[in-house]
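Here are the chains, one letter per residue:
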Amino acid sequence: MIAVSACLMGIPCRYNGLSAQCSQLIESLGNLPVIPFCPEVMGGLTIPRLPAEILHGDGNTVLNGEACVYDAQANDVTAQFIKGAESAVRYLNRQAVKVVVLKERSPSCGVNWIYDGTFTGTLREGCGVTTALIKLHHIQFYTESKQDDISSWLINMEGEV
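Described in the following lines is the structure provided in the data block. Only a predicted model underlies this, so the values are computations on that prediction, with no experimental measurement involved.

## Observations concerning the pairing of strand β4 (residues 68–71)
Side chains V69 and D71 project from β4 onto a buried face, and the interleaved C68 and Y70 project onto a face without burial. Strand direction decides the pairing type here: strand β3 (residues 52–55) and β4, joined by four bridges, are antiparallel. Note on β4: the bridge partner recorded for A52 is D71.

Structure (structure tokens):
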């Protein structure tokens, strides 16, 4: 089973009430069974909601209690991001998900890049809160920007998903 950040599948669940539909990803998945999920919604955040960024860290430091997630009005939404990550991982495990495709740059699902917490559009290296927890649970993951890697995985897993 494959899980994909819901926004990439065209579901309007992003902070601004829109999606980040990735047609190339959807096409590459073809008729495979896909489970869309949004950790931020699973954590109790609304659609739409204020944008949020991790300040002074990344998903790993948030899980370790060394950094927090704040929205654009300086409200601490760390608890919702952790709850969403925990709910997502429980859900992925229950569904026997073999691979997850995550939305890059998200404070939840960012794989290699997240915004730096200043709300200026500045990116820095790091992962989101859900991605950090997914790593700890040894679930294989990709970002939508790694289409070749996803395609290779799909070819190697043919018949097993």
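## So, unusual backbone geometry
With an omega dihedral of -10°, the bond running from I47 to P48 counts as a cis peptide bond. Mapped onto the elements of the fold, P48 is located in the loop between α2 (39–42) and β3. With phi around 70°, A74 is a residue other than glycine that occupies positive phi space. For A74, the position within the fold is in the loop between β4 and α4 (78–94).

## Considering the sheet that holds strand β5 (residues 99–102)
Within a beta sheet, neighbouring strands are joined by backbone hydrogen bonds and run either parallel or antiparallel to one another. With respect to topology, four strands assemble into an open sheet ordered β2-β1-β5-β8, the strand pairing being parallel. Each edge of the sheet is formed by a strand with only one pairing partner; in this case those strands are β2 (34–37) and β8 (140–143). Between one strand axis and the next, the sheet turns by 25° as a mean value, whatever way the strands run. Against the sheet, α4 touches β1 (2–5), β2 and β5, its axis set at about 170° to β2.

## Re α4
Taking 1.5 Å per residue, 17 residues should reach 24 Å; α4 reaches 24 Å between its end C-alpha atoms and fits that length. Along α4, the positions that sit buried rather than exposed are T78, F81, G84, A85, S87, A88, V89 and L92. After α4 finishes, the residue A96 shows a positive phi value of roughly 55°.

## Description of the nonpolar core
By size, the foremost hydrophobic cluster in this structure holds 25 residues, and its most contacted members are V69, L92 and V100. Of all the secondary structure elements, the ones that give two or more residues to this core are β2, β3, α4, β5 and α5 (129–136). The greatest single-element share of this core, amounting to five residues, is contributed by α4. V100 has contacts with A3, F37, L92, I134, I139, Q140, F141 and Y142, leaving out every residue within four places of it along the chain. Counting 14 residues, the second largest nonpolar core, distinct from the first, contains V4, A20, L25 and V101.

## Examining the environment of E104
Assignment of secondary structure puts E104 in the loop between β5 and β6 (113–115). E104 gets classed as buried once you look at its relative accessible area, which sits at 5%. Taking the C-alpha atoms as reference points, E104 and G128, 24 residues apart in sequence, are found 8.7 Å from one another. Setting aside chain neighbours within four positions, we find E104 in contact with G110, V111, N112, W113, T143, E144 and S145. A polar side-chain atom of E104 sits 3.0 Å from the main-chain amide nitrogen of W113.

Cut-offs applied
Residues numbered from 1 in each chain as written. Predicted model: local features only at pLDDT ≥ 70, side-chain atom pairs only at ≥ 80, totals over all residues. Heavy atoms only, no water. Buried < 20%, exposed > 50% of the residue type's maximum accessible area, 1.4 Å probe, protein only. Helix = DSSP H or I, 4+ residues; strand = E, 2+ residues; numbered from the N terminus. Pairing = 2+ DSSP bridges. Axes fitted to C-alpha atoms, helices over the stretch in contact; angles between N-to-C directions. Contact = heavy atoms within 4.5 Å. Expected span 1.5 Å × (residues − 1). Core = buried A, V, L, I, M, F, W, Y, C linked by side-chain atoms within 4.5 Å. Polar contact = N/O pair within 3.5 Å; in protein donor to acceptor, adjacent residues only side chain to side chain.

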